[in-house]
Amino acid sequence: MTYRGRFAPSPTGDLHEGSLLAAVASWLRARQHHGTWLVRVDDIDPPREVSGSAASIQSTLTSLSLHPDEPVWFQSARHDAYHHAFLKLRTSGLAYACWCSRADLAAAGGIHRGPCRSPPRDRPPAWRLRVGDAVIEWLDLVSGPQAWPMADGGDFVVLRADGLWSYQLACAVDDAAQGISEVVRGRDLIDSTPRQILLQRLLDLPTPAYAHLPLLVGVTGSKLAKSTHAPAVDTDGLPALRRTLARLGMPGAPEGDAATMLGWALPRFDLASVADKVAIHMAEPL
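Residues numbered from 1 in each chain as written. Predicted model: local features only at pLDDT ≥ 70, side-chain atom pairs only at ≥ 80, totals over all residues. Heavy atoms only, no water.

Draft legend 1. Inspection of the sheet that holds strand β8 (residues 156–159) at higher detail. An order of β4-β5-β8 is seen for the three strands of this open sheet, with the pairing classed as antiparallel. Each edge of the sheet is formed by a strand with only one pairing partner; in this case those strands are β4 (95–98) and β8. Averaged over all adjacent pairs, the angle separating strand axes in this sheet is 45°, with direction ignored. Each of β4, β5 (126–129) and β8 is contacted by helix α3 (residues 79–91), which is oriented at about 70° to β5, the strand it contacts most. (Pairing = 2+ DSSP bridges. Helix = DSSP H or I, 4+ residues; strand = E, 2+ residues; numbered from the N terminus. Axes fitted to C-alpha atoms, helices over the stretch in contact; angles between N-to-C directions. Contact = heavy atoms within 4.5 Å.)

Shown next, in the form of C-alpha cells:
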C-alpha cells in the first residue's frame, strides 16, 4: 500500500508548538516512506473557528517547508459525503434520534447508554451511534496495544442538534476518502480512535494505522491548546522547528533554513524515541 499521511488542524487559532509537533512528525513519516503528505482543515465547527486562522496555519506550514503534496481539503465542503454516511447508519438502525440535554445525562456521568432518556421536544434532535458491547482493539505505533470497551463511553453523537457534523464521523469519512494509511496525531485524540474505528467498520471503510504522540504541556502541566491561548509559532519559525525536532528525539539540528533542518532530521526520526512518554514538558532541557 502506498503511504498516505495527513495533518488535520482545526482553524481555531494560529499554529502553536503542540500542533507543530504533530505536523512535523506526520511529514517526516510520510517522507521516510516515500509517500504522500496531505493537509486537511477540519472546519466543521463554525462557532469555534477564528477568522483567518486557516490561512495563518497554512502560511506557517509553508514558511517551514511543510508543503502538502495535494490541494488542501476543507471539511466545510464535504457535507454531502457526511450526509451519505449518516444516512447509511440511520437506515441500518445504527443511529437514533436523541433529545437528551447535558442535565438529562448528569446522573450517568454524562455518558449516554441508549435508549434516549428524554422525550421528543420542540427542537431538532442530535443523532447518536449505537455502540453496543464492542471492544475496539488496535496496536498503536507509539502507545502500544489498545483495547477500548465502547460501552464505557456510551453512544456518541454523529450529527449534532444544531445540524453540525461530529468530528468522529467527518474524520472517519475523510480519512477513507483521502486514502490515509497512517494517522500521526496527539495523544489527546487517542480516545477518538476507537470511535472512528467503529465507524469505519460499520461504514465498510478501511482502517489506517495510528500513532499517538505525547502531548506538549506547559509549566502547569496542561496541554498546549488554542483554547488556552497557547502562543503561536513566531514569524521566524526556525527556533520552534529546532525545538520540535529535539522534542522528537533529534537535538542538535544544524543551522540553516527549514528545508535543511528537515532534511537532516529525515533519516534520524524514529517513533520509538517518544514511545515511553505520555507528555513532553516545554521546560524540559533540549
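Draft legend 2. Highlighting the pattern of salt bridges. Taken as a whole and judged by the stated rule, the model has 13 salt bridges. The partner of E70 in a salt bridge is R4, with the nearest N and O atoms 2.9 Å apart. Of this pair, E70 sits in the loop between α2 (53–63) and β3 (73–74) while R4 sits in strand β1 (residues 4–7), placing them 66 residues apart in sequence. Residue classification places E70 among the partly exposed positions, given a relative accessible area of 32%. Judged by its relative accessible area of 17%, R4 is buried. Residues R160 and D162 are paired through a salt bridge, measuring 2.7 Å at the closest nitrogen-oxygen approach. Beyond isolated ion pairs, a larger network of salt bridges with shared partners links R6, R40, D42 and D175. (Salt bridge = Lys/Arg side-chain N within 4 Å of Asp/Glu carboxyl O. Buried < 20%, exposed > 50% of the residue type's maximum accessible area, 1.4 Å probe, protein only.)

Draft legend 3. Structural context of unusual backbone geometry. With a phi close to 55°, H34 is a non-glycine residue in the positive phi region. Among the secondary structure elements, H34 is positioned in the loop between α1 (17–32) and β2 (36–41). Although it is not a glycine, S65 sits at a positive phi angle of roughly 65°. Checked against the element boundaries, S65 lands in the loop between α2 and β3.

Draft legend 4. Quick peek at the packing of aromatic side chains. Evaluation of the coordinates by the stated rule reveals four aromatic pairs. Within the aromatic cluster, the residues linked to one another by ring pairs are Y82, F86, W127 and W165. (Phe/Tyr/Trp six-rings, centres within 6.5 Å; stacked < 30°, edge-to-face > 60°.)

Draft legend 5. Seen up close, the sheet that holds β3. Spatially, β1-β2-β3 is the arrangement adopted by the three strands of the open sheet, whose pairing is parallel. Looking at which strands have only one partner, the edges of the open sheet turn out to be β1 and β3. Relative to β2, β1 is paired through four bridges, and the arrangement is parallel. Bridging from a neighbouring strand, G5 pairs with W37 of β2.

Draft legend 6. The pairing of strand β10 (residues 209–213), seen in detail. Of all five residues that make up β10, four are buried, and the element is covered over most of its length. Relative to β10, strand β9 (residues 182–186) runs parallel, the two being bridged by five bridges. If you follow G186 over to β10, its bridge partner there is L213.

Draft legend 7. Fine view of helix α7 (residues 238–247). Of all the residues in α7, the buried ones are A240, L241, T244, L245, A246 and R247. Backbone geometry just after α7 places G249 at a positive phi near 90°.

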